[in-house]
Amino acid sequence: MESFAQAPIIEMSRLTKKYGEQTAVSQLDLTIHRGEVYGLLGPNGAGKTTTILMMLGLTEPSSGKVRVCGLDPARQPLEVKRRVGYMPDDVGFYEDRTALDNLLLTARLNGIPIQDARIQALELLERVGLQHTLTKRVGAFSRGMRQRLGIADVLIKKPEIIILDEPTLGIDPEGVRELLELIEQLSRNEGLTVLLSSHHLHQVQQICDRVGLFVQGKLIASGNIESLAKQLDDDGSVTVELSAAPWSKELDERLSGLDGLLTYKGPDVSDHAYSSVLSLDAVITGTRDLTSEAARTVLDCGASLFGIRRKQYGLDDIYHRYFEGGGQLERSNGIQ
Amino acid sequence: MNAATAFNNGFWKKLSGRLINSRPDQTPESGSRNYSPFWVLVQKEFGDHLRSWRFTILIGIITLACIGSIYAAVTAIQAGVKSQQTDTSFLFLQMFTASDGSLPTFVTFVSFLGPLIGIALGFDAVNTERSKGTLSRLLSQPLYRDDFILAKFTASLLLISVVLFSLGLLVMGLGLFVIGYPPTPEEVLRVLCFLVVAVVYVGFWLSLSIIFSIRFRQTATSALSGIALWIFFSVFYSMIIGLIDKATAPADSAGIGEQISHFNWMLLLNRISPSYLFSEATSTLLMPGVRSLGPLTTEQVVGAIASPLPLTQSILLSWPQLICMIAETAICFAISYVLFMRQEIRSRA
């Protein structure tokens, strides 16, 4: 996915936003290419929404530069807003109007003539699966329906970029799956650039080409999942877990003598356990990939190998490493 | 005053410019009218107001007040005509200014309840959109921020004019029906002028309450601030001026120059209040006998014939008051513009 060599569609350089003493976004450099699905990942209050607001000219940066489609959102807000569809987190609609009315308003604000707007709105409502609720007032909509209406609302202006702030917040798992599928379709079929923010790691992992990790106003890593792991994996070690039986002292010794080994944690055995047929586990960490060597050692020692797994850093591990235990995260989820 | 006229020029130029030339890159199809975002918003706001319960209740209160005042006026006029006490010139205008004492006059009702309409239509203009999360969605559409508050203001002002004009014409019609005395063209023009002044007056309160709706995130706070100012100006302000007047009044033996300068000072203080300006302007327009709004010395009155002023002279007399009210509205609008322009728009924050 690094092969997107086209002109960047969103560029931010040394972007900073301060609220009094507090820095919400600090020295942010980020480039997003056309047709990409980019995920902003970070806990609440990390500066994701502030960054998005600066892209839309809804708040002014304290310093630094933003360019969206080559335009400055603070100077040419209308041109930017014509090209960018934005769905705020917890999107609001006029509750006593119907879904169709709400869409028509957006369409007409974008200068689409009323007849065309109606046709497009009906098409979009069908596409997001709301065709049966045309005459229902939005006040009676469920959270998931609102979110889908939000997507339709973003699409009706035919944007080049769509920015979704926490699109999956508060929707049930099935709804999330459908929503992500829809977003993926849009990006693949229509070449839309999608920027979405989330603190749900797995959802971002599923559909994003690239991910940026935000912590306390700083972008600490950016790239696809593999390169992210590489960037964050400072010691470059590889961990191998294996289980084998019967476990012998010789095996213990040979495993701990492997070339390039960093740490070795053998099974907690008493003498009689060596002769047991039960399989026992060991964890090996090395500076390089020791998987096949460890397997060979086990077999050479006459033991049978029951399982071996090279442990790779998923975003999960990365995430937890940066958001220590995720306690804060759980709490903030609870509030929503 | 310059600011006010500049504001008006810009305003109308913008309005006409936007209406005609909304999006040059799209060819208008036959039968489909393509409005600019500003007018789309005005339409939406107007519709929202018409559907709202709040508006229905307001109309109810005001209609009741008007019927009451017409009744009072008609009984007063009939009693007056019978006992030959009423001056029958401009009898028709007395529909608006006369009362038998049981209920206030139509003009008093408008000056008292007008601010309430303005506040009621404006106090939640921006903060409701904010708290419902529609503001950030709306402002991420290609539309200028000033268009947004201007659309709010224009839609409410349009509604206010519709309401006031229909009420005014209704009173005229009822008056015609009940007292059977047709108005002269001049009287009709005077009533129309009065209605225009009333719209401007309510417009001031509307723009004031829009400031509060931008400044305060809670609708309750914004409504209360508006109502507090309204009560302050309509009840307490004249009392405070009265106190100052008494405290600073020169002795009776003081020279005429001192007396007059004191009086002018008090008049100036009074004229800060929009309701005082409104009452001055309306009394000039609806009572042609009012020849001056300031003090007159006997010297100045000598030789003057005690006759009603022609319409143009009455308008001339009330012109500064009208311009003052427009200027106050423009100032309020400028403040809300400054407050809103650089505000950060977060969803539901």
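Residues numbered from 1 in each chain as written. Chains lettered and ligands numbered in written order. Predicted model: local features only at pLDDT ≥ 70, side-chain atom pairs only at ≥ 80, totals over all residues. Heavy atoms only, no water.

**What to know about the overall build of chain B**
When you go through chain B residue by residue, the secondary structure sums to 14 helices and zero strands. Counting helices and strands in the order they occur from the N terminus, chain B gives α-α-α-α-α-α-α-α-α-α-α-α-α-α. Scored against the burial criterion, the 349 residues of chain B give a buried share of 48%. Restricting the contact set of chain B to residue pairs at least 6 apart, pairs at least 24 apart contribute 78%. In the form shown here, chain B has an accessible surface area of approximately 16,800 Å², with 68% of it arising from carbon and sulfur atoms. (Helix = DSSP H or I, 4+ residues; strand = E, 2+ residues; numbered from the N terminus. Buried < 20%, exposed > 50% of the residue type's maximum accessible area, 1.4 Å probe, protein only. Contact = heavy atoms within 4.5 Å. Areas by Shrake-Rupley, 256 points an atom, 1.4 Å probe, with all protein chains shown as cover.)

**Remarks on the domain arrangement of chain A**
Segmenting chain A into domains produces domain 1 (8-232) and domain 2 (238-311). Placing the centre of domain 1 of chain A and that of domain 2 of chain A at their C-alpha centroids yields a distance of 48 Å. (Domains from an automatic or database assignment.)

**Here's the deal with unusual backbone geometry**
All names here are of chain A. In this structure, Lys158 takes a positive phi of about 50° despite not being glycine. Mapped onto the elements, Lys158 comes out in the loop between α5 (143-155) and β6 (161-165). Accessibility expressed as a relative area gives 59% for Lys158, which makes it exposed. A positive phi angle, close to 50°, is found at Glu166, a residue other than glycine.

**Comments concerning the sheet that holds strand β4 (residues 63-68) of chain A**
All names here are of chain A. Read across the open sheet, the three strands follow the order β2-β1-β4; overall the sheet is antiparallel. Strands with a single pairing partner mark the edges of an open sheet, and in this sheet they are β2 (22-33) and β4. Neighbour to neighbour, the strand axes of the sheet diverge by 15° on average, direction disregarded. By the bridge criterion, eight bridges tie strand β1 (residues 8-19) to β2 in an arrangement that is antiparallel. Note that in β2 the partner of Leu15 across the bridge is Leu28. The strands touched by helix α1 (residues 48-56) within the sheet are β1, β2 and β4, with β1 carrying the most contacts at an inclination of about 120°. (Pairing = 2+ DSSP bridges. Axes fitted to C-alpha atoms, helices over the stretch in contact; angles between N-to-C directions.)

**Focus: the interface of chain A and chain B**
Facing 36 residues of chain A, the contacting portion of chain B comprises 36 residues. Interface area for chain A against chain B, summed over the two sides, is near 3,300 Å², with a carbon-plus-sulfur share of 48%. Its largest share of buried area at the contact with chain B, chain A owes to Tyr94, Arg108 and Leu109 of chain A, together 21% of the area lost on that side. Where chain A packs against chain B, one counts two salt bridges. As a salt-bridge pair, Asp48 of chain B and Arg97 of chain A come within 2.6 Å of each other at their nearest N and O atoms. The interface formed by chain A and chain B holds 19 residue pairs in polar contact (both at pLDDT 80 or more) in total. Sorting the residues of the side of chain A that touches chain B by element identifies β1, α1, α2 (77-83), β5 (84-87), α3 (99-109) and α4 (114-127) of chain A as the ones contributing at least two each. Looking at the side of chain A that touches chain B, the element that brings in the most residues is α3 of chain A, giving five residues. Split into classes, the residues belonging to the side of chain A that touches chain B amount to 14 nonpolar, 10 polar and 12 charged. (Buried area = accessible area lost by both parts, 1.4 Å probe. Salt bridge = Lys/Arg side-chain N within 4 Å of Asp/Glu carboxyl O. Polar contact = N/O pair within 3.5 Å; in protein donor to acceptor, adjacent residues only side chain to side chain. Nonpolar A, V, L, I, M, F, W, Y, C, P; charged D, E, K, R; others polar.)

**Section: the packing of aromatic side chains**
Residue and element names in this part refer to chain B. By the definition in use, this model includes 15 aromatic pairs over all chains. Ring geometry for Phe148 and Phe340: centres 5.6 Å apart, planes at 25°, overall stacked. Residue Phe148 is located in helix α8 (residues 145-179), and its partner Phe340 is located in helix α14 (residues 311-341); the two are separated by 192 residues in the primary sequence. Side by side, Phe148 and Phe340 carry an identical accessibility label, which is buried. Positioned above the aromatic ring of Phe340, the side-chain terminus of Arg145 is 5.9 Å from the ring centre. (Phe/Tyr/Trp six-rings, centres within 6.5 Å; stacked < 30°, edge-to-face > 60°. Lys NZ or Arg CZ within 6 Å of the ring centre and 35° of its normal.)

**Some remarks on the sheet that holds strand β7 (residues 193-198) of chain A**
Residues and elements named next belong to chain A. Read across the sheet, six strands follow the order β5-β6-β7-β3-β8-β9 without closing on themselves; strand pairing throughout is mixed. The open sheet has two edge strands, β5 and β9 (218-223), and neither has a second partner. Averaged over all pairs of adjacent strands, the angle between strand axes in this sheet comes to 15°, irrespective of strand direction. Across five bridges, strand β8 (residues 210-215) lies against β9 in antiparallel orientation. By the bridge assignment for β9, Phe214 is matched with Leu219. Contacts from α5 reach β5 and β6, with the element oriented near 165° to β5. The strands touched by helix α6 (residues 173-190) are β3 (37-41), β6 and β7; relative to β7, the strand with the most contacts, the crossing angle is about 155°.

**What about the pairing of strand β12 (residues 280-286) of chain A?**
Residues and elements named next belong to chain A. When you tally the buried positions in β12, you get five out of seven residues, the bulk of the element. Sheet analysis places strand β10 (residues 238-245) next to β12, joined by seven bridges and oriented antiparallel. Bridging across to β12, Ser243 finds its partner in Asp281. One ladder, built from four bridges, connects strand β11 (residues 261-265) with β12; its direction is antiparallel. Paired with Lys265 across the two strands is Val283, which belongs to β12.

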